[in-house]
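A closer look at the structure
Okay, here's what each chain looks like letter by letter:
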There are 2 protein chains.
Amino acid sequence: MISKNQIKLIKSLGQKKARQQQGLFIVEGIKGITEFLKSEYVLKHLYTTKLIFDAPQGLISEISELDLKKISALKNPNTALAIFEIPTVKPSQNTGLIVALDDVRDPGNLGTIIRLCDWYGIKDLVCSYNTVDCFNTKVVQATMGSLTRVNVQYVDLESYVEAHNTDIFGTFLEGENIYTTTLPRQGIIILGNEANGISERIEAKVNRKVTIPQFGTIKETESLNVANATAILLSEFKRRTIEM
Amino acid sequence: MISKNQIKLIKSLGQKKARQQQGLFIVEGIKGITEFLKSEYVLKHLYTTKLIFDAPQGLISEISELDLKKISALKNPNTALAIFEIPTVKPSQNTGLIVALDDVRDPGNLGTIIRLCDWYGIKDLVCSYNTVDCFNTKVVQATMGSLTRVNVQYVDLESYVEAHNTDIFGTFLEGENIYTTTLPRQGIIILGNEANGISERIEAKVNRKVTIPQFGTIKETESLNVANATAILLSEFKRRTIEM
């Protein structure tokens, strides 16, 4: 059984404001929940239709499929929904490459970028305040558990970049060809908003403008999706670190 | 004004069966419609709230915002909706690299992959019959006009691959490291289904198993999103063709 108050709390966590007030967020599905349970994240409560999880008994409630449907944000809820505590942010480690997002708004894009950071061993993802919240349920879903391994922090991006005396990369239509220019092992790689790219304020701080060249004969493709651009950039930066 | 029968026809084109029976599909929004009007695609009819398009007068109807809302599949319709004819498929040119999809199901992924093919100058995209229809409204929307520049065909993928005596690449967890192995200028690159990867039938035809190596210290990230994997592969294949 699940009380009306519990349902109300869970539903409210769909909103950023409530997540911040409560310091809680939601993970749905067996795979995601299992990854978060294995991580340093602290479980608040787990609602499940099957008792298959390794978590303290007092924190687990067995509920009906019907109740799960009531609390889930998914069309087809998958076995369980868990509430975890939002952790305190660790300061960025400032070693290696840092990815920074300037107002990325689409939850799917942020989720995929977190997955890419995890794949390419990027420890720190820095987001402007207007970037979509990484504890948004759709983002958590899209990260496939990678959120447990990437340190995400929200900052005033302009001040953050200013405070770092390093190579600041940004992708533009004009810039050094990423395939032929030198790429260091350290620096900040900035990706911009889906519609507007990197804002002027931040562009002024970029000291390494780079471009992903087009190979098509007709150069009319406007731009790459921001997650794909991240994939190509991280691939190219990390490829250079392989001892051949 | 728009008649009930016209509304019914347009609504029906949300379904693959109706699209195939009628030989028609839908493009929404100014940018997408403009790109299709510039291309070889044949306009059937254009419904718009503003007469800003360069198309034969007999094929344009000015309609109200309310009528546009009735026929649009978008939450926020953008000025116009056009019906175009589905073109007859050109046989693949069999030169250069061909991208082949083995049951990619998500419209957003297919749309993004078409955009990537356009960016990297891939002329032919070959899809298994169970891959999502490229004239699906969401796919057309996600391609941002790139569909006008990439030749997409649906085939029995097993027979197609069998008929091609060339390098057949597929991504797997184990395989040659794509960053260090040789990559030719010709061949077929196969990407698999979102949940199951490349099917066993098709895997049996792959003669160049490759892998995108993980750089994270904890190798728990299950896989990359199929569109991101496509981005990384095309980037790496095409990079090699640059004269340094």
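Before going into details, it helps to say that this report is about the structure given with it. Remember, predicted model here, so these are calculated numbers, not experimental data.

Once that is clear, we can look at the packing of helix H5 (residues 107-119) of chain B against helix H9 (residues 226-239) of chain B. Each packed pair of helices is defined by two parameters, the angle between the axes and the distance between the axes. Residue and element names in this part refer to chain B. Between H5 and H9, the shortest axis-to-axis distance is 9 Å and the interhelical angle comes to 10 degrees. Judged by the angle between their axes, H5 and H9 are roughly parallel. In contact with Asn 109, Thr 112, Ile 113, Leu 116 and Cys 117 of H5, H9 contributes Val 226, Ala 227, Thr 230, Ala 231 and Leu 234. Considering only residue class, the contact of H5 with H9 consists of seven nonpolar, three polar and no charged.

All names here are of chain B. Relative to the elements of secondary structure, Arg 19 occurs in helix H2 (residues 16-22). Its relative accessible area of 2% is what places Arg 19 among the buried residues. At a separation of 3.4 Å, a polar atom in the side chain of Arg 19 contacts the main-chain carbonyl oxygen of Phe 135. Discounting residues that sit within four places of it in the chain, Arg 19 has contacts with Leu 13, Gly 14, Leu 24, Phe 25, Ile 86, Asp 133, Phe 135, Asn 136 and Thr 137.

This next bit is on the environment of Ile98(B). All names here are of chain B. In this structure, Ile 98 sits in strand E5 (residues 97-102). Here Ile 98 falls in the buried class, since its relative accessible area comes to 3%. With 27 residues separating them in the primary sequence, Ile 98 and Leu 125 have C-alpha atoms 6.1 Å apart. Those residues in contact with Ile 98, other than ones at most four positions away along the chain, are Asp 124, Val 126, Tyr 160, Gly 187, Ile 188 and Ile 189.

This part takes up helix H3 (residues 30-38) of chain A. Residues and elements named next belong to chain A. Among the residues making up H3, those that are buried are Gly 32, Ile 33, Glu 35 and Phe 36. Along H3, the residues classed as buried sweep out an arc of 160 degrees about the axis, all on the same side. On its buried face, H3 sits against strand E1 (24-28), strand E2 (43-48), strand E4 (80-85) and helix H6 (137-143).

Calculation notes
Residues numbered from 1 in each chain as written. Chains lettered and ligands numbered in written order. Predicted model: local features only at pLDDT ≥ 70, side-chain atom pairs only at ≥ 80, totals over all residues. Heavy atoms only, no water. Axes fitted to C-alpha atoms, helices over the stretch in contact; angles between N-to-C directions. Helix = DSSP H or I, 4+ residues; strand = E, 2+ residues; numbered from the N terminus. Parallel < 35°, antiparallel > 145°, perpendicular 65-115°, else oblique. Contact = heavy atoms within 4.5 Å. Nonpolar A, V, L, I, M, F, W, Y, C, P; charged D, E, K, R; others polar. Buried < 20%, exposed > 50% of the residue type's maximum accessible area, 1.4 Å probe, protein only. Polar contact = N/O pair within 3.5 Å; in protein donor to acceptor, adjacent residues only side chain to side chain. Arc of directions from axis to C-beta.

The analysis is restricted to geometry; functional conclusions fall outside its scope.
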